[in-house]
Amino acid sequence: MDKKKFDLQNEHLHKNDSNKNAVLSKIRRLLLSEDFAILCTKDEKAAYGSLVAFYISDDLKHLIFATPDYTNKYKLLNYCQQVSIVVDDRAKHQNKISNISAITMNGQATQVTGKDNIDNAKAKLLDKHGYLDELTASDSCVFFNVEIKRCLYVTHIQEVYEWVPD
Amino acid sequence: MGTGLKYISTLDDSVSETTIGRKSSSLARVKKAGFITPDSFCINSTAYFEFINQNKLQKLIDVELGRKSIEEMRWEELWDCGLRIRSQILKAAIPDQLIKEIKEKIPPDFLKSGVAIRSSSLQEDMKNASFAGLYDSYLNCNNFLSIFDAILKVWASLWSDRALLYRKEINLDSENSAMCILAQRMIQGEYSGVGFSTDPNDRTSDHLMIEIVPGLCSGLVDGSVEPINYILDRSNLEVIDSKERIEKQHSTIEINHNIVRNVGKILLELEDLFKHPVDVEWSSKKGRITLLQVRPISYRQEKDEKRSWYLTLTPNQKKLSSLADEVEKELIPKLKYEGNQLALEKLTPLSNPDLAEKITSRLHQLHYWREVYKEKFIPLAHGVREFGQYYNDNLKPQDPYEFIYLLKSCPRIAGQRFKALKECSATLVKSKGVSAYLTTWLAQSRKKLTEKNIIAIKNEPNGKSFCEQYNLLKKKYFDIAINSACWKNRDDVIITLLLNYSTAKSPLDDNLKEQQLLNQYLLTTDNASHAKALLKIGRLSWSLRDDDNLLLSKIESQLILALNQAKERLISLGRLQRSVKINEEDAHTIAQALTETSSKPIRLTSKERNHANNVTTNIKPRQIKGQPAVPGTVSGIACRISSLDDIKKFTPGSIILCRAVDPNMTHLIPLSSGIIEQRGGMLIHGVIIARELGIPCVNGVGQALDSVNNGDRLTIDGTLGIIILEKKCGDINSNNESTD
């Protein structure tokens, strides 16, 4: 390979900003900037998707949401704790599919128990979603903590990166 | 609007710049001030947006632009991106209402004079960036079909490679950018030209500059006609300098002087009107000066050298023809001759100072030819693109790269090398004794065959004929270099290739398709001689694009051979260790060391570029996007190629993964099942061969590819331009989902 000629043709390769740290920053930015996610649950017969308002921890390892205990998703979460959660920014890029980014997270959802833990989860969720005060004050409201096992970040329509929290 | 029409307005209507574009808007201002302008009308931005929406083109443009970040695209990829968008726009339908309105606006006498269809984008002709020549204009359209065709081409030029190159300055955006059109009655002027109210070459001077050509201005604008250049004193409009030819008659000079003085007067008046220096395109008929376009002179300083260079890569057909002549008849034979001459030189008998001199002269030769490569060979390669665009504009094919079929028929060095490898491999496979001997030899991890080995091979049945074939193969096709190593010094790599080459795929010879396309091409053009000339240049450019690289590599190979000779001598003097790898960058140091009497160890400064991935986060690409280069899907094991050692380890059927398939290694492609290149472009070497062989290829992949390792299992989707990596990290479920 003629190196000089190669350099002439490929100088962009050394400036490329799509390195892994940049991808992690993009994942972080997206998860922290979005308020809602699609929670995917399942039972033996079918899969089920529902919209949830969520809080995510700064290290991106834990996601919290609330639900009344009579909902479909509550029943399904008791059936299977393995969940998938999708967060995307399509609302910001309505006309530009190639600018939309989405994250699919896989994790294990566990109901939050114990007064301190519940208070803690409630405070975090309300800090981000103050309008949920009625729901979170209700007797039927339960909190779930999802331990994130893996994130798949999709950008430019079909460019996919996988991130696994330490 | 004044016309009562939805998509059309005239220069007399009070419409905003954002409706009709800057060019039309400036001309409307000029007309209002009393200057003469041609009969004109404007096709507004609503028409453009309606066209885009009606044909659902915005999403398509977004997908093309979104394949990868435009900042990461090489210029070849920008061209491909522009070509694909252009191809879709040219196939799309102009809204019926617009067709109706245009027919209404152009009476028969207007049509008879010919119509100029000019771009008038919302972004061009700004004070800080004129972007002259960025968009297309078409002259002398004399029927509605050619007018509609020109409109589509002008709209398409909003997304050309040139526009993409300046996307930031012009805020190019699929949602908000629009191309308006200025349609003008053609002025068949006796003289035409351009003029600048201040000398663009010397802004501080009190001069203005005017260029003049006989007839239409188009030849001046595209550079195919040499104008006469006049410099005038702004204070009295006297001609103070001109490049008039001596043989010009006095009367002609007198006419010219009168015209340029008139144009000069207009320029100063326009400058006063615009409160800014202006440049104009004008035409003169019977002493009447008509202004075709007016815009502020831009003083944009081009800081990006590569971008300026890229803009020179689109010579017009006349220049392309003379360049083709120069390259084919002078430069390539000279390059070939020099390579062959160097290969004949014996280095062993040379004294150390003579060898040092040889290294320096070979280095200079290499630098010289690289400059020629940049200045001559790369612009000639544009001939393929010129032809490709002409083909697509006329035939509007489903596959925008169909034109390649018409280029393949020329024999290239790479094609001859493939044939020679196949023949030599067939001899080797037939000669069981030779095959067995060489297989045993390869197991001994030797690199070069010795005289003893060659005698042993010759003693095997058919051994003598194999040796003759093998020596010829090496001499003709393997005196080339890859990553600072010479192929011809590595018998082990060539023989490994030969042992596997019987399985190499052969290109499909589809002569019937080629003939059909050729007939179709010549039938659809309205200018057969132009079409044939473009095809000829395209074919020449196509056939030379591999050859120039291979011939240049031969020169590089001779430098490396001289450096290796020097290395051996310096090792024996105890000044260099065998483990040190010498690169071209070390040539001066090595040459200097050969002339010294010192015994001190040599310090080399060159370093191998480290492409390894140093980032240690647990982020892994799962699906990588690139450019869809050759359609098809294949799964296989990745084999990263960057050196001769990698080539030796290559297992037939693997997927080649490399920064760029250089012509020095294209013969590996027929053994592979798929190609992935970091370098992008539809007309680059790897893609050309992969396409001929029907091997799926994705290129323009970028840095994400650094995360893929030798031996990783991959799937390539060459239709979508996607590489899917088999899941390895974070496999929390047993199911092995692969795509999203």
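Residues numbered from 1 in each chain as written. Chains lettered and ligands numbered in written order. Predicted model: local features only at pLDDT ≥ 70, side-chain atom pairs only at ≥ 80, totals over all residues.

(A) Local environment of the overall build of chain A. Counting its regular elements, chain A contains 5 helices and 8 strands. Reading the secondary structure of chain A in the N-to-C direction produces α-α-β-β-β-β-α-β-β-α-α-β-β. Among the 166 residues that make up chain A, the fraction classed as buried is 31%. Taking the contacts inside chain A whose residues are at least 6 apart along the sequence as the reference set, 67% of them involve residues at least 24 apart. (Helix = DSSP H or I, 4+ residues; strand = E, 2+ residues; numbered from the N terminus. Buried ≥ 20, exposed ≤ 12 C-beta atoms within 10 Å, placed from the backbone. Contact = placed C-beta atoms within 7 Å.)

(B) Broad picture of the overall build of chain B. Assigned secondary structure in chain B consists of 24 helices and 21 strands. Burial analysis of chain B (740 residues in total) assigns 46% to the buried set. Restricting the contact set of chain B to residue pairs at least 6 apart, pairs at least 24 apart contribute 69%.

(C) Layout of the sheet that holds strand 3 (residues 115-121) of chain B. All names here are of chain B. Sheet architecture is open: 5 strands sit in the order 1-2-5-3-4, paired in antiparallel fashion. Every other strand in the sheet has two partners, leaving strand 1 (8-9) and strand 4 (137-141) as the edge strands with one partner each. Of the strand pairs in this sheet, strand 2 (residues 40-43) and strand 5 (residues 179-185) are connected by 4 bridges, and their pairing is antiparallel. Note on strand 5: the bridge partner recorded for S40 is Q184. Helix-sheet contacts for helix 8 (residues 144-156) involve strand 2, strand 3, strand 4 and strand 5, and the interaxial angle to strand 4 is about 175°. (Pairing = 2+ DSSP bridges. Axes fitted to C-alpha atoms, helices over the stretch in contact; angles between N-to-C directions.)

(D) Spatial organisation of helix 3 (residues 72-79) of chain A. All names here are of chain A. The set of residues buried in helix 3 consists of K73, L76 and L77. Relative to the axis of helix 3, the buried residues are bounded by an arc of 105° and lie together on one face. Contacts from the buried residues of helix 3 go to strand 1 (36-42), strand 2 (47-53), strand 4 (62-68), strand 6 (102-111) and strand 7 (141-155). (Arc of directions from axis to C-beta.)

(E) Seen up close, the environment of G463 of chain B. Residue and element names in this part refer to chain B. Topologically, G463 is positioned in helix 18 (residues 463-477). The class of G463 is partly exposed, set by 19 C-beta atoms lying within 10 Å. Those residues within four positions of G463 in sequence are excluded, and the remaining contacts are S431, G433, V434, I457 and K458.

(F) Inspection of the sheet that holds strand 6 (residues 191-196) of chain B at higher detail. All names here are of chain B. Read across the sheet, 6 strands follow the order 9-8-7-6-10-11 without closing on themselves; strand pairing throughout is antiparallel. The open sheet has two free edges, formed respectively by strand 9 (239-242) and strand 11 (288-296), since each of these has just one partner strand. Between one strand axis and the next, the sheet turns by 20° as a mean value, whatever way the strands run. Relative to strand 11, strand 10 (residues 278-285) runs antiparallel, the two being bridged by 8 bridges. Bridged to S283 within strand 11 is T290.

(G) View of the packing of helix 21 (residues 528-572) of chain B against helix 22 (residues 587-595) of chain B. Residue and element names in this part refer to chain B. Across the interface, helix 21 lies against helix 22 with an axial gap of 10 Å and an inter-helix angle of 45°. In terms of orientation, helix 21 and helix 22 fall into the oblique class. For the crossing formed where helix 21 meets helix 22, the hand is left-handed. Contacts from L559, L563, A566, R569 and L570 of helix 21 reach helix 22 at A587, I590, A593 and L594. Tallied by class, the residues present in the contact of helix 21 with helix 22 amount to 8 nonpolar, no polar and 1 charged. (Parallel < 35°, antiparallel > 145°, perpendicular 65-115°, else oblique. Left-handed = near helix turned anticlockwise from the far one by under 90°. Nonpolar A, V, L, I, M, F, W, Y, C, P; charged D, E, K, R; others polar.)

(H) Broad picture of the domain arrangement of chain B. Residue and element names in this part refer to chain B. When its domains are assigned, chain B resolves into domain 1 (8-185), domain 2 (191-296), domain 3 (316-604) and domain 4 (623-725). For domain 3 and domain 4, the distance between their C-alpha centroids amounts to 20 Å. In this complex, domain 3 contributes 27 residues to the contact, which on the side of domain 4 involves 20 residues. Elements that contribute at least two residues to the side of domain 3 that touches domain 4 include exactly helix 15 (413-430), strand 12 (481-482), helix 19 (491-500) and helix 21. Tallied by class, the residues present in the side of domain 3 that touches domain 4 amount to 15 nonpolar, 6 polar and 6 charged. (Domains from an automatic or database assignment.)

(I) Representation of the packing of helix 15 of chain B against helix 19 of chain B within the structure. Residue and element names in this part refer to chain B. Put simply, helix 15 and helix 19 touch, their axes get as near as 8 Å, and they point 80° apart. Taken as axis vectors, helix 15 and helix 19 run roughly perpendicular relative to one another. Seen from helix 15, the contacting residues are L421, C424, S425 and L428; seen from helix 19, they are L497, L498 and L499. Of the residues in the contact of helix 15 with helix 19, the class split is 6 nonpolar, 1 polar and no charged.

(J) The nonpolar core, seen in detail. Residue and element names in this part refer to chain B. Counting 118 residues, the largest nonpolar core has I359, I656, L657, I676 and I723 as the members making the most contacts within it. It is helix 21 that provides the largest number of residues to this core, a total of 17 residues. Counting the residues that make up this core, at least three belong to each of domain 3 (316-604) and domain 4 (623-725). If near-sequence neighbours (up to four positions away) are discounted, I359 is found in contact with A562, L563, A566, A587, I590 and A591. (Core = buried A, V, L, I, M, F, W, Y, C linked by C-beta atoms within 7 Å.)

(K) Local environment of unusual backbone geometry. Residue and element names in this part refer to chain B. With phi around 50°, K286 is a residue other than glycine that occupies positive phi space. Within the secondary structure layout, K286 lies in the loop between strand 10 and strand 11. Even without being glycine, K396 reaches a positive phi, approximately 45°. Mapping K396 onto the fold places it in the loop between helix 14 (352-395) and helix 15. According to the C-beta neighbour criterion, K396 is partly exposed, with 14 such atoms within 10 Å.

(L) Summary view of the environment of F650 of chain B. Residue and element names in this part refer to chain B. Along the chain, F650 falls in the loop between helix 23 (644-649) and strand 17 (655-658). A sequence separation of 143 residues divides F650 from P507, and the C-alpha atoms of the two residues are 21 Å apart. In this structure F650 touches C639, I641, L668 and L671, once residues within four positions along its chain are discounted.

(M) Up close: the pairing of strand 7 (residues 207-214) of chain B. All names here are of chain B. Most of strand 7 is tucked away: 6 of the 8 residues are buried. Pairing of strand 6 with strand 7, which is carried by 6 bridges, proceeds in the antiparallel orientation. Residue G195 lies in a different strand from strand 7, and its bridge partner there is I210. Relative to strand 8 (residues 228-233), strand 7 runs antiparallel, the two sharing 6 bridges. Counted as the bridge partner of H207 is D233 from strand 8.

(N) Local environment of the pairing of strand 17 of chain B. All names here are of chain B. Where burial is concerned, the two faces of strand 17 agree: the one with I655 and L657 and the one with I656 and C658 are both buried. Where strand 16 (residues 633-640) lies against strand 17, 3 bridges are found, and the strand directions are parallel. Pairing of R640 across the sheet is with L657, part of strand 17. Between the parallel pair strand 16 and strand 17, the chain is carried across by helix 23, and the sense of this crossover is right-handed. Sheet analysis places strand 17 next to strand 18 (residues 674-677), joined by 4 bridges and oriented parallel. Among the inter-strand pairings, L657 is bridged to a residue of strand 18, identified as I676. (Right-handed = clockwise from strand over helix to strand, strands pointing away.)

(O) Up close: the environment of S284 of chain B. Residues and elements named next belong to chain B. For S284, the location among the structural elements is in strand 10. Take S284: there are 22 C-beta atoms within 10 Å of it, and that puts it in the buried class. Distance in space between the C-alpha atoms of S284 and A324 is 36 Å, their sequence separation being 40 residues. Leaving out residues up to four positions away in the same chain, S284 has contacts with G189, E190, Y191, S192, I259 and I289.

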